[in-house]
Amino acid sequence: MSSTELPGVRTTAAVSPQVSAVRVAEGEQLRRVTLPGLTLNVRFRPPARPDLPPALYVHGLGGSSQNWSALMPLLEDVVDGEAVDLPGFGDSPPPDDGNYSVTGLARAVIRHLDAAGRGPVHLFGNSLGGAVTTRVAAARPDLVRTLTLISPALPELRVQRSAVPTALLAVPGVASLFSRLTQGMSAEERTRGILALCYGDPSRVTPEGFRHAVEEMERRMRLPYFWDAMTRSSRGIVDAYTLGGQHGLWRQAERVLAPTLLVYGGRDQLVSYRMARRAAAAFRGSRLLTLPDAGHVAMMEYPEVVATAFRDLLRDTRAAAEAGGG
């Protein structure tokens, strides 16, 4: 073992000699998917048996495939799951075309599914990943069996004040200003701030979990494209919020045909809890799970509850298909 490798950590491809390896939890593996103009890091767990239906997990803004590490093992007996690092996040390099729009990210997910031949999949999305997977499900219903959205970033008329700094990243020059203003902050301080923003109760994070989060923060801050990816992705969300007509996210939500599970947290500071009922009305035949004590990342805060809700969706979807002769 070289001095740059740690137990439980596997190096995929070096982005820079100064950037440490991405952490891999027990039972997980990583692989690289290379497509024209696009390279994606994919985290997966070997399926419990070969006949399981495929699933794909898509993280939110500033996140990575590691955001699904708590949920994936709870579902490994019912789906063959893999989690993707969106372009410019996790261990995926930026896309060659620099397109971080919601449509561009959705296109990356579609290209991955088409190339892998894994569709249709049980598709999961959190935050930005929720907007991306909504667009995927609307544009390519043939690729989606079910859709599970956890605090999806869908347009709100009144954005919560705690979400304003994220939106401000879309303004030209603000990201570089944020970078300078926070230059003196330690990785621990940055991590505590993010956990306070994303978790309903940050004390639920274990000491080991906090240490891993700090290590990942240190790694990300060394990436030369970190702020650019954050800026362009934030701008992509803002742009998606302003789109109207058939390309608007709410209009596309109405077009989704896949059985949909919606998960909202009562303490979410980034996606308002009040949007839950609007989402339930937009996604036809959807079911709604509300968690009063959860924040923005319920799959990390209450993975067992989310897993149970998905199992119920899976069971009922199968029963409906069998009753209809499908």
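Before going into details, it helps to say that this report is about the structure given with it. (Residues numbered from 1 in each chain as written. Predicted model: local features only at pLDDT ≥ 70, side-chain atom pairs only at ≥ 80, totals over all residues. Heavy atoms only, no water.)

Notes on the overall build of the chain
Next, step 1: Looking only at helices and strands, the chain has 11 helices and eight strands in total.
Next, step 2: Relative to its full complement of 326 residues, the chain shows a buried share of 51%.
Next, step 3: Put simply, 72% of the contacts in the chain that link residues at least 6 apart link residues at least 24 apart.
Next, step 4: A total accessible area of about 14,600 Å² is found for the chain, and carbon and sulfur atoms account for 54% of it. (Helix = DSSP H or I, 4+ residues; strand = E, 2+ residues; numbered from the N terminus. Buried < 20%, exposed > 50% of the residue type's maximum accessible area, 1.4 Å probe, protein only. Contact = heavy atoms within 4.5 Å. Areas by Shrake-Rupley, 256 points an atom, 1.4 Å probe, with all protein chains shown as cover.)

Some thoughts on the sheet that holds strand E3 (residues 54–58)
Next, step 1: Here eight strands make up an open sheet; going across it, the order is E1-E2-E4-E3-E5-E6-E7-E8 and the pairing mixed. Because the sheet does not close on itself, it has two edges, and the strands there are strand E1 (29–35) and strand E8 (287–291). Along the sheet, successive strands turn relative to each other by an average axial angle of 20 degrees, direction set aside.
Next, step 2: Alignment of E3 against strand E4 (residues 80–84), held across five bridges, turns out to be parallel. Paired with Tyr-57 across the two strands is Ala-83, which belongs to E4. (Pairing = 2+ DSSP bridges. Axes fitted to C-alpha atoms, helices over the stretch in contact; angles between N-to-C directions.)

What to know about the pairing of E3
Next, step 1: With five of its five residues buried, E3 lies for the most part within the structure.
Next, step 2: By the alternation rule, side chains of E3 split into Pro-54, Leu-56 and Val-58 and Ala-55 and Tyr-57, which are all buried.
Next, step 3: Here four bridges tie E3 to strand E5 (residues 121–126), and the two strands are oriented parallel to one another. Each residue of the ladder has a partner; that of Val-58, found in E5, is Gly-125.

Looking at the packing of helix H1 (residues 102–116) against helix H2 (residues 128–139)
When two helices pack together, their arrangement is given by the angle between the helix axes and the distance between those axes.
Next, step 1: At a closest axis distance of 9 Å, the pairing of H1 and H2 adopts a crossing angle of 65 degrees. Considered as vectors, H1 and H2 are oriented roughly perpendicular to each other. As for how H1 packs across H2, the hand of that crossing is right-handed. Here H1 contributes Val-102, Thr-103, Leu-105, Ala-106, Val-109 and Ile-110 to the contact with H2, which in turn contributes Leu-128, Ala-131, Val-132, Arg-135 and Val-136.
Next, step 2: Of the residues assigned to the contact of H1 with H2, the class counts are nine nonpolar, one polar and one charged. (Parallel < 35°, antiparallel > 145°, perpendicular 65-115°, else oblique. Left-handed = near helix turned anticlockwise from the far one by under 90°. Nonpolar A, V, L, I, M, F, W, Y, C, P; charged D, E, K, R; others polar.)

Details of the side chain of Arg-135
Next, step 1: Relative to the assigned elements, Arg-135 resides in helix H2.
Next, step 2: For Arg-135, which is buried and forms no salt bridge, the nearest opposite charge comes from Asp-239, at a distance of 10 Å.
Next, step 3: Side-chain polar atoms of Arg-135 contact the side chain of Gln-252, separated by 2.9 Å.
Next, step 4: When neighbours within four sequence positions are excluded, Arg-135 is seen to be in contact with Val-102, Thr-103, Ala-106, Ala-240, Leu-243, His-247, Leu-249 and Gln-252. (Lys, Arg positive; Asp, Glu negative; His and termini not counted. Salt bridge = Lys/Arg side-chain N within 4 Å of Asp/Glu carboxyl O. Polar contact = N/O pair within 3.5 Å; in protein donor to acceptor, adjacent residues only side chain to side chain.)

A look at helix H11 (residues 303–323)
Next, step 1: In this model H11 runs 30 Å from its N-terminal to its C-terminal C-alpha over 21 residues, within 8% of the 30 Å that 1.5 Å per residue would give.
Next, step 2: Restricting attention to buried positions, one finds in H11 the residues Pro-303, Val-306, Ala-307, Ala-309, Phe-310, Leu-313 and Leu-314. One side of H11 holds all its buried residues, which, seen down the axis, span an arc of 160 degrees. Away from its buried face by more than 90 degrees, H11 exposes Glu-304, Glu-322 and Ala-323.
Next, step 3: On its buried face, H11 sits against E5, strand E6 (144–150), strand E7 (260–265), E8 and helix H10 (298–301). (Expected span 1.5 Å × (residues − 1). Arc of directions from axis to C-beta.)

Take it as geometry only, folks, not as evidence of what the structure does.
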